Amino acid sequence: MSERRVVVTGLGATTPLGGTIAETWEGILAGRSGAKPLDQEMLDRYELPVHFACTLAQDPSEVLTKVQIRRMDPSAQYAVIAAEAAMADAGSPEVEPERLGVAIGTGIGGVWTLLDQWDNLREKGVRRVFPLAVPMLMPNTSAGNVSMVLGARAGAHTTVSACASGAESMGTGYDMIRGGRADIVVAGGTECATHPICFAGFSQMQALSTRNDDPAAASRPYDTGRDGFVLGEGAAVMVLEEYEHAKARGARIYAEFASIGMSADAYHITAPEPEGAGASRAMREAVERADLTAADIVHINAHATSTPVGDVAEANAIRRAFGDAVDRMPVSATKSMTGHLLGAAGALEGLFTVLSVHHRTAPAAINIDDLDPAVDLDVIRGEHRTLPAGDIAALNNSFGFGGHNVALVVKSV
Amino acid sequence: MADQQEILSGLAEIVNEETGLDPAEVQMDKSFTDDLDIDSLSMMTIVVNAEEKFGVRIPDDEVKNLTTVGDAVTFIQNNQG
């Protein structure tokens with residue numbers, strides 16, 4: 001049997017830019033910021049130093065029933081919305097339940113449920129704690145709920161690697177198909193960490209932008225004026241499918257999911273290793289595993305969160321991985337518009353990378369008025385970049401607290 | 001004090017909120033598990049919400065005796081404080 005190839009046949013998302021991946025991509029191409037002001041009552045009560053976030057564009061009640069909303073943490077609600085949309089986009093393929101898998105990553109899991117129920121316990125007593133508190137707050141709650149909604153029985157998995165979770169879950173889905181465990185896997189990431197404790201915690205580590213006078217300009221990766229990331233929320237999911245399976249049913253194929261490379265820094269719990277050895281190893285490994293060379297990569301969707309240290313570390317790691325070939329790899333920094341979706345970030349940017357290859361268009365970042373001279377990359381600003389005709393491949397980077405490095409390679413079909 | 005009809009409709013609202021079932025389905029002779037397909041976790045939430053709504057205490061030991069909607073309505077009616 002020849003090696004099983006994995007292709008992308010469906011995309012779904014709910015993001016700060018829209019309730020669908022189509023609206024989200026349209027927002028990206030229009031250069032729209034997803035930043036919105038935070039609830040004034042919450043700001044007053046907790047005196048949070050950050051007054052905005054890239055919150056969801058959609059109210060989940062537009063799509064889900066009242067009972068679904070009661071019984072699922074918001075992170076699981078988002079995941080279910082994205083997963084159902086992705087399967088619909090794939091043409092609702094008929095597949096045996098035992099051959100349909102799920103892999104949904106998250107950075108933080110059911111933090112709203114945990115803390116709401118903790119409030120209930122403290123303020124109202126044990127009888128008022130919701131009986132579904134534990135199954136709603138556990139990190140695998142999204143994978144479990146998505147598997148139930150889709151009737152997916154090949155296995156439902158959850159990767160947890162902070163802001164690399166979403167990308168890593170796609171790698172899990174890819175491995176499931178390559179290894180013969182499934183023919184289709186619904187894979188992605190979800191996050192709803194817009195709880196005051198998360199703003200407080202990230203603020204205390206000086207990770208968030210405090211550009212309160214201009215939220216739309218706050219997420220500015222690679223710009224000299226960047227002062228931290230903008231917290232985002234949402235979910236993004238892709239339908240990964242074994243190539244022959246997709247071909248046999250005449251599915252639309254967006255791109256090939258060609259490989260994943262992973263490494264760990266083993267250096268510091270939050271700071272990137274300054275030489276970028278681990279990150280560059282993940283990138284090179286991804287390219288090699290796809291049987292490609294640096295010359296084949298025509299585009300990178302960078303992790304680029306808009307933090308002073310992280311952006312330069314990534315730029316150095318990219319240069320270290322590919323040398324002069326980087327000059328021919330225009331880089332997108334889409335967090336300038338979406339904010340940082342944490343455990344969903346790698347998934348959403350994975351979708352963007354697929355769309356960039358599919359449409360041969362790499363989107364321009366917004367807010368880069370003054371490119372940091374320490375960033376030796378061809379960062380796309382102003383005009384979107386048209387990618388070459390013929391066989392092309394693109395790379396998506398995701399990194400997470402804990403020293404997790406994940407790189408995905410997507411190829412044209 | 002709520003009368004039987006008020007308790008039934010209040011309970012139907014609680015069941016609807018928890019499960020999405022049409023309140024009209026919640027009738028005296030219906031079994032929570034066999035007819036309404038309510039699992040033990042949902043039952044727990046329904047009990048706690050009913051306690052709050054009707055000002056009664058429904059001990060955990062008692063919950064297993066509440067097989068039908070009518071059992072619950074009667075228990076609430078007899079134990080309203």
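These notes cover the structure that comes with them. (Residues numbered from 1 in each chain as written. Chains lettered and ligands numbered in written order. Predicted model: local features only at pLDDT ≥ 70, side-chain atom pairs only at ≥ 80, totals over all residues. Heavy atoms only, no water.)

Focus on the packing of helix α1 (residues 4-19) of chain B against helix α4 (residues 69-79) of chain B
Residues and elements named next belong to chain B.
And step 1. The contact between α1 and α4 brings their axes to 10 Å, and the two run at 125°. Between α1 and α4, the angle is such that the two are oblique. Crossing angle aside, the handedness with which α1 passes α4 is right-handed. Side by side, α1 and α4 meet where Gln4, Ile7, Leu8 and Leu11 of the first sit next to Val69, Ala72, Val73, Ile76 and Gln77 of the second.
And step 2. The class makeup of the residues in the contact of α1 with α4 is 7 nonpolar, 2 polar and no charged. (Axes fitted to C-alpha atoms, helices over the stretch in contact; angles between N-to-C directions. Helix = DSSP H or I, 4+ residues; strand = E, 2+ residues; numbered from the N terminus. Parallel < 35°, antiparallel > 145°, perpendicular 65-115°, else oblique. Left-handed = near helix turned anticlockwise from the far one by under 90°. Contact = heavy atoms within 4.5 Å. Nonpolar A, V, L, I, M, F, W, Y, C, P; charged D, E, K, R; others polar.)

Examining the interface of chain B and chain A
In many analyses, interface size is given as the accessible surface area lost on bringing the parts together.
And step 1. On the side of chain A, 9 residues touch chain B, which itself brings 17 residues to the contact.
And step 2. In total, about 1200 Å² of surface goes out of reach between chain B and chain A, with carbon and sulfur atoms giving 41% of it.
And step 3. When the buried area of chain B at its contact with chain A is split by residue, Glu17, Glu18 and Leu41 of chain B rank highest and sum to 39% of it.
And step 4. On the surface where chain B and chain A come into contact, there are 6 salt bridges.
And step 5. For Arg127 of chain A, the salt bridge identified is with Glu51 of chain B, shortest N-O distance 2.6 Å.
And step 6. On the surface where chain B and chain A come into contact, there are 10 residue pairs in polar contact (both at pLDDT 80 or more).
And step 7. Breaking the side of chain B that touches chain A down by element, the ones donating at least two residues are α1 and α2 (40-54) of chain B.
And step 8. Counting residues per element, the side of chain B that touches chain A draws most heavily on α2 of chain B, at 9 residues.
And step 9. Tallied by class, the residues present in the side of chain B that touches chain A amount to 5 nonpolar, 6 polar and 6 charged. (Buried area = accessible area lost by both parts, 1.4 Å probe. Salt bridge = Lys/Arg side-chain N within 4 Å of Asp/Glu carboxyl O. Polar contact = N/O pair within 3.5 Å; in protein donor to acceptor, adjacent residues only side chain to side chain.)

Focus: the sheet that holds strand β9 (residues 297-301) of chain A
Residues and elements named next belong to chain A.
And step 1. On the basis of which strands lie adjacent, the open sheet formed by 10 strands has the order β5-β4-β6-β7-β1-β8-β14-β13-β9-β10 and mixed pairing. Two strands in the sheet have a free side with no partner beyond their single neighbour: β5 (156-157) and β10 (331-332).
And step 2. Note that β9 and strand β13 (residues 393-400) share 4 bridges and pair parallel. Bridge assignment links Ile297 to a residue of β13, and that residue is Ala393. (Pairing = 2+ DSSP bridges.)

A few points about helix α7 (residues 141-150) of chain A
All names here are of chain A.
And step 1. Most of α7 sits inside the fold, with 7 of its 10 residues counted as buried.
And step 2. Taken residue by residue, α7 has Thr141, Ser142, Ala143, Asn145, Val146, Ser147 and Leu150 as its buried positions.
And step 3. In this fold, the buried residues of α7 make contact with α4 (74-89), β4 (100-106), α6 (133-137), β5 and β6 (184-191). (Buried < 20%, exposed > 50% of the residue type's maximum accessible area, 1.4 Å probe, protein only.)

Looking at the packing of aromatic side chains
All names here are of chain A.
And step 1. Applying the stated criterion across every chain yields a total of 4 aromatic pairs over all chains.
And step 2. Taking 5.3 Å as the distance between ring centres and 40° as the angle between the ring planes, the aromatic pair formed by Tyr174 and Phe257 counts as tilted. Here Phe257 lies in strand β8 (residues 255-264) and Tyr174 lies in helix α8 (residues 165-178), a separation of 83 residues in the sequence. This pair shows no difference in class: Tyr174 is buried, exactly as Phe257 is.
And step 3. Geometrically, the ring pair formed by Phe202 and Phe229 is edge-to-face, given 5.2 Å between the ring centres and 75° between the ring planes. One end of the pair, Phe202, is in helix α9 (residues 196-204); the other, Phe229, is in the loop between α9 and β7 (234-242), with 27 residues separating them in the sequence.
And step 4. For Phe229, a relative accessible area of 4% corresponds to the buried category.
And step 5. Three or more aromatic residues joined by ring pairs form one cluster here, namely Phe202, Phe229 and Phe401.
And step 6. Arg5 extends its terminal NZ or CZ atom over the ring of Tyr243, reaching a point 4.4 Å from the ring centre. (Phe/Tyr/Trp six-rings, centres within 6.5 Å; stacked < 30°, edge-to-face > 60°. Lys NZ or Arg CZ within 6 Å of the ring centre and 35° of its normal.)

Taken by themselves, the reported measurements are silent on function.
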